[in-house]
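# Examination of the molecular architecture
The lines below spell out each chain.
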Amino acid sequence: MAGHDSYYIEITTRLRSVRSFCDFLSSGGTVGVAAADGSRYGDVTTDLLARTRKEAEALDRMRRQLFPDRADEEVSPALYTCGLTASRRSCKAGRAQS
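Let me begin by describing the structure that accompanies this report. (Residues numbered from 1 in each chain as written. Predicted model: local features only at pLDDT ≥ 70, side-chain atom pairs only at ≥ 80, totals over all residues. Heavy atoms only, no water.)

When helices and strands are tallied, the protein chain shows two helices and four strands. Walking the protein chain from its N terminus toward its C terminus, one meets helices and strands in the order α-β-β-α-β-β. Of all 98 residues assigned to the protein chain, the portion counted as buried reaches 21%. Summarising the internal contacts of the protein chain: among those between residues at least 6 apart in sequence, 52% fall at separations of at least 24. For the protein chain, the accessible area works out to roughly 7500 Å², and carbon and sulfur atoms hold 52% of it. (Helix = DSSP H or I, 4+ residues; strand = E, 2+ residues; numbered from the N terminus. Buried < 20%, exposed > 50% of the residue type's maximum accessible area, 1.4 Å probe, protein only. Contact = heavy atoms within 4.5 Å. Areas by Shrake-Rupley, 256 points an atom, 1.4 Å probe, with all protein chains shown as cover.)

Here it is, written out as structure tokens:
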């Protein structure tokens, strides 16, 4: 049973990470890729957001299939909580709930 718990935690942690990245992109984050060194960066945010959302949906489906009794557990809070304090930015890891 411990192996099953580890797999559940792994899937849930990955799902939290993917959803957090989607939230970052949805709230104005951007991703740029250069075709070669010295080239201009092209914005790939829209494509990456679509792929990441599909990944989140697939992870959610997998978790529901493998763990139907725990599939509806919330994957919050966010992995990291960041805030601005004075001129310094502080970030600390959130605690996983399982």
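Having seen it, we continue.
Moving on to the environment of Met 62. Relative to the helices and strands, Met 62 resides in helix 2 (residues 45-66). Met 62 gets classed as partly exposed once you look at its relative accessible area, which sits at 31%. Residues within four places of Met 62 in sequence aside, it is in contact with Tyr 7 and Ile 11.

A cluster of nonpolar side chains, Tyr 7, Met 62 and Leu 66, forms an exposed patch at the surface whose accessible area comes to about 250 Å². Tracing the chain through its elements places Tyr 7 in helix 1 (residues 2-26). According to the relative accessible area criterion, Tyr 7 is partly exposed, its value standing at 35%. (Patch = residues over 30% accessible without salt bridge, like charges linked within 9 Å, V, L, I, M, F, W, Y side chains within 5 Å. Salt bridge = Lys/Arg side-chain N within 4 Å of Asp/Glu carboxyl O.)

Glancing now at the environment of Leu 49. Structurally, the position occupied by Leu 49 is in helix 2. For Leu 49, a relative accessible area of 13% corresponds to the buried category. For the pair Leu 49 and Phe 24, spaced 25 residues apart in sequence, the C-alpha separation works out to 9.6 Å. Filtering out sequence-adjacent residues up to four positions away, Leu 49 remains in contact with Cys 22, Leu 25 and Ser 26.

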